[in-house]
Amino acid sequence: MKNIVIMGASSGIGLALAKALASRGVRVGLAARRTDTLADLKESYPPFVEFEKIDITDNSAPGKLEKLIERLGGMDIYIHVAGIGYENLMLDPQWEAEIIGTNAAAFARMTSAAYRYFRASGRPGHIAAITSVAGTNGIGRLSAYSASKKCAQTYLVALEQLSNAENAGITFTDIRPGWIRTPLLLPATHYPMEMDLEYALPLILKAIVRRKRVAYIDSRWGALASAWKRIPDSLWVKMKFKISHPDIPLPSRADLCNAIRQENNPR
C-alpha cells in the first residue's frame, strides 16, 4: 500500500484527489493552510488520513512536512497541488510577487524537501506536481502565473537530472491542466475549453498511477500547447489572448483581492 502526501489538499484538485484516494483505502497525508476540510476527511476515513497545517511560503514548511511523513509512516508519492493564480492586468506588484513566491519559490521549497526525503530514505519515490498549460509560454494577461508555472516545470526537469546523476531512483510527473472549474476560477465566468473537476480528476489520477512524465489535461490542451511551442517569440508577443468571458461584470479590485485571499491562498 502506497503512502501519499498531498500538498494543497483543502480545496479544488487537491481535495478531490484526497477524497478519491482515501475512499479507496489509500493512506494519505494531507497539508494546507486551512485544515477544516482536512479534519472532516480525517473524521470520515480515520485509518487512512493524517493531516498537518502547512503554509508553503513559510521557511518552517519542510520541517512540518517531515512531521506529517513521520505520522503517516513514510512517503512513497509526493503530490504538489498548492498554488495561486489570477489575472493581474494592473500588474499590482504585491500580487505579482505573491504568485511568484507561491508557485515558484515555495514550489521549490517543498519539492526539494520531498526529494531530500526520498534520497535520504533510499525509497524509489515519485514526485508529481500540478503545473499548468500556461507554463508553455509567457501570457500577458497571466504574466506572473505563466512565468511561475514555467519555473515549476523547469525545476522538475532539473530535479530529474539530479536524480539520474545521483542514481536516486526518483520519478517525476508534470501534470499540465487547462482551465478546470475550481475555486481558482471566478464564478459566473466562462474560460476557453473549461473542464469540470469530475471529468479532469480521473485523467490526473491515471497520469500519476502510470508515472507519466508530462501529462496535459486534456488532449485538447496538449494539442494547443504543441502548437504554441511552434510560434516564434517575435510573433507570440504580438498575439492577443482573451482569458475569460464573464456573464456578469467582473468584481472590483477590492472584492477580487478579498476573494483571492479567502479562497486561493496556498490550498
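Summarised in this report is the structure supplied together with it. (Residues numbered from 1 in each chain as written. Predicted model: local features only at pLDDT ≥ 70, side-chain atom pairs only at ≥ 80, totals over all residues. Heavy atoms only, no water.)

**Description of the nonpolar core**
Counting 53 residues, the largest nonpolar core has I6, L17, L30, I79 and I204 as its most contacted members. Counting residues per element, this core draws most heavily on helix α1 (residues 12-22), which supplies eight residues. The contacts of I6, once residues within four sequence positions are left out, are G14, L17, A18, L21, G29, L30, A31, I79 and V81. By size, the runner-up hydrophobic cluster in this structure holds 28 residues, among which are Y115, L156, A168 and I170. (Core = buried A, V, L, I, M, F, W, Y, C linked by side-chain atoms within 4.5 Å. Buried < 20%, exposed > 50% of the residue type's maximum accessible area, 1.4 Å probe, protein only. Helix = DSSP H or I, 4+ residues; strand = E, 2+ residues; numbered from the N terminus. Contact = heavy atoms within 4.5 Å.)

**Side note on the environment of Y199**
Mapped onto the elements, Y199 comes out in helix α6 (residues 197-209). Each C-alpha atom, one on Y199 and one on I180, is 9.1 Å from the other, the two residues being 19 residues apart in sequence. At a separation of 2.7 Å, a polar atom in the side chain of Y199 contacts the side chain of D218. (Polar contact = N/O pair within 3.5 Å; in protein donor to acceptor, adjacent residues only side chain to side chain.)

**Focus: unusual backbone geometry**
Backbone torsion omega between I217 and D218 reads 5°, so that peptide bond is classified as cis. With respect to the element layout, D218 can be found in the loop between β8 (214-217) and α7 (219-229). A positive phi is found at M193, a non-glycine position, where the angle reads about 50°. Assignment of secondary structure puts M193 in the loop between β7 (189-190) and α6. Residue classification places M193 among the partly exposed positions, given a relative accessible area of 30%. One non-glycine residue with positive phi stands out, namely R211, at about 50°. Note that R211 resides in the loop between α6 and β8.

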